[in-house]
Amino acid sequence: MLRFIYIIFFCFGSYIGLSQTDIKPFSSHNQSPLIHSFGLPYVEGGKIVGLNKFSISSVFNLSSNSTNALTQNEIVYFDGEMARLDLNARYGITKRLEVGLNLPFVNQSKGFMDSSIDGFHSALGMTGGARAKTPRGQILYAYVQDDIFLFNFNESSFGIGDISFELGLKLLEHKTHSMALRTYLKLNNANKRKLLGSGTVDFSFQFSGQTTGLGPRPAYFFYSFGYLRVGTGSLLEDMQNRNITFASLGLAVKATSWLAPKMQFDYHSKFYKNSMTQELGEYGMQFLLGADFILNEKLILTGGFSEDIKINTSPDFVLHLALNYAF
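Cut-offs applied
- Residues numbered from 1 in each chain as written.
- Predicted model: local features only at pLDDT ≥ 70, side-chain atom pairs only at ≥ 80, totals over all residues.
- Heavy atoms only, no water.
- Helix = DSSP H or I, 4+ residues; strand = E, 2+ residues; numbered from the N terminus.
- Buried < 20%, exposed > 50% of the residue type's maximum accessible area, 1.4 Å probe, protein only.
- Contact = heavy atoms within 4.5 Å.
- Areas by Shrake-Rupley, 256 points an atom, 1.4 Å probe, with all protein chains shown as cover.
- Phe/Tyr/Trp six-rings, centres within 6.5 Å; stacked < 30°, edge-to-face > 60°.
- Lys NZ or Arg CZ within 6 Å of the ring centre and 35° of its normal.
- Salt bridge = Lys/Arg side-chain N within 4 Å of Asp/Glu carboxyl O.

Q: How should I be thinking about the overall build of the protein chain in this particular structure?
A: A tally of regular secondary structure across the protein chain gives three helices and 15 strands. Considering the protein chain as a whole, with its 327 residues, one finds that 54% of them fall into the buried category. Within the protein chain, counting contacts between residues at least 6 apart in sequence, those at least 24 apart form 67% of the total. Roughly 14500 Å² of accessible area belongs to the protein chain as shown, and the carbon and sulfur atoms make up 62% of that amount.

Next comes the structure, spelled out in structure tokens:
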């Protein structure tokens, strides 16, 4: 099934080789197995699609989870790999309004990146943490509270994730500064017990903006913040925080005509309460580093990776790829 996701991504990418000129923030959010499926929107820039224009993108995240925790009455064990491919379409219905659709494909499987990630961490002088004590090449996601398994997932799965809809409003459009407000409605169509969906219908909004420098090597500054209202029906319903805030800051520099390195910080508040573990009871923060590769005037490829700054609250390594097309 993972091979199928790769095929979809690259076939989609070969199709969308048309005009795209905007440098954008990383389309990212927490890929943790118990967070990725909620209505936490991907980070957006400050521009919306113009009147009668289309924007299509594909976002691929391959995340490695390897963490465990033991408290007086809790056991958390996350070990596995998740591949998530998001196909997004946007259309400008007026000069200030866009509508959008997000269709995710999710694959939960055994990890094959463990050795590579260990080598990457060693090269940077980083400790292995829980990964050093976790067996390689297995899939097991489990949570035990007061000796009761609240969930225990140990099989590979593949399917369509929860579909979401978007409505965007242009607030400001200037040569060097743009702002937009977007709202999202995420449905409950995927299987939560296979960690494909959240089991909830969620609503969120995101205020985003960007400033653009002038000159041959302009710098781009991105910012966003928003609110997520989580519905009822999640796997850990009794522990669920239903009011979530999130924010992001990013910077990109167009170093050459074909390369724009960029970095980004993403944050969200706690998704769960009444837990003493980092995996469930803490806010999340991750750091992304990578670049836009401007292959030609018609195609930009984004590549990068993310690391968990707030340890064990998000996957300790995520490979990120994206393609964007507007016409």
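Picking up where we left off.
Q: Even after reading the chapter, I still don't get the side chain of Ser 32, so can you show me in this structure?
A: Along the chain, Ser 32 falls in the loop between α1 (2-15) and β1 (54-70). Beyond its immediate stretch of four places on either side in the chain, Ser 32 contacts Asn 65, Phe 78, Thr 313, Ser 314 and Pro 315.

Q: Can you help me understand the packing of aromatic side chains in this one?
A: The description of an aromatic ring pair rests on the distance of the ring centres and on the angle between the ring planes. Throughout the structure, instances matching the rule amount to 13 aromatic pairs. Between the aromatic rings of Phe 265 and Phe 287, the centroid separation amounts to 5.0 Å while the plane-to-plane angle is 45°, which identifies the pairing as tilted. Here the residue Phe 265 occupies a position in strand β12 (residues 259-268), and Phe 287 occupies one in strand β13 (residues 284-296), the gap between them amounting to 22 residues. Note on Phe 265: relative accessible area 35%, which makes it partly exposed. Between Tyr 267 and Tyr 283 the ring centres are 5.8 Å apart and the planes differ by 50°, which places this aromatic pair in the tilted class. Here Tyr 283 lies in the loop between α3 (278-281) and β13 and Tyr 267 lies in strand β12, a separation of 16 residues in the sequence. Take Tyr 283: its relative accessible area is 32%, and that puts it in the partly exposed class. Among the aromatic residues, those joined into a cluster by ring pairs are Phe 54, Tyr 91, Tyr 325 and Phe 327. When the ring centre of Phe 26 is taken as reference, the NZ or CZ atom of Lys 262 above it lies at 4.8 Å.

Q: Just checking my understanding: could you explain unusual backbone geometry for this structure?
A: Of all residues except glycine, most have a negative phi; of all peptide bonds, most are trans. The backbone phi angle of Asp 146 is positive, close to 55°, even though this residue is not glycine. Assignment of secondary structure puts Asp 146 in the loop between β4 (140-145) and β5 (148-153). Accessibility expressed as a relative area gives 48% for Asp 146, which makes it partly exposed. The residue Asn 312 is not glycine, and still its phi comes out positive at about 70°. With respect to the helices and strands, Asn 312 occurs in the loop between β14 (299-308) and β15 (317-326).

Q: Can you help me understand the environment of Leu 319 in this one?
A: Summarising the element assignment, Leu 319 is placed in strand β15. Leu 319 has contacts with Phe 60, Asn 61, Leu 62 and Gly 304, leaving out every residue within four places of it along the chain.

Q: Sorry, what's going on with the environment of Ser 248 here?
A: Looking at where Ser 248 falls in the secondary structure, it is placed in strand β11 (residues 243-253). Distance from Ser 248 to Ser 224, taken between C-alpha atoms, is 5.2 Å for residues 24 residues apart in sequence. In this view, Ser 248 contacts Val 43, Phe 222, Tyr 223, Ser 224, Gln 264, Phe 265 and Asp 266; residues no more than four positions away in its chain are not counted.

Q: Can you help me understand the pattern of salt bridges in this one?
A: Pairs may arise between side chains of opposite charge once their charged atoms sit close together. This model, assessed by the stated rule, comprises ten salt bridges. We note a salt bridge from Asp 86 to Arg 84, for which the minimum N-O separation is 2.8 Å. The exposure class assigned to Asp 86 is buried, which follows from its relative accessible area of 0%. Here Arg 90 ties to Glu 166 by a salt bridge, and the two come within 3.3 Å at their closest N and O atoms. Highlighted residues: Arg 90 in strand β2 (residues 74-92) and Glu 166 in strand β7 (residues 164-173), separated in sequence by 76 residues. In this structure, a network of salt bridges that share partners links the residues Glu 44, Arg 90, Glu 98, Glu 166 and Arg 182.

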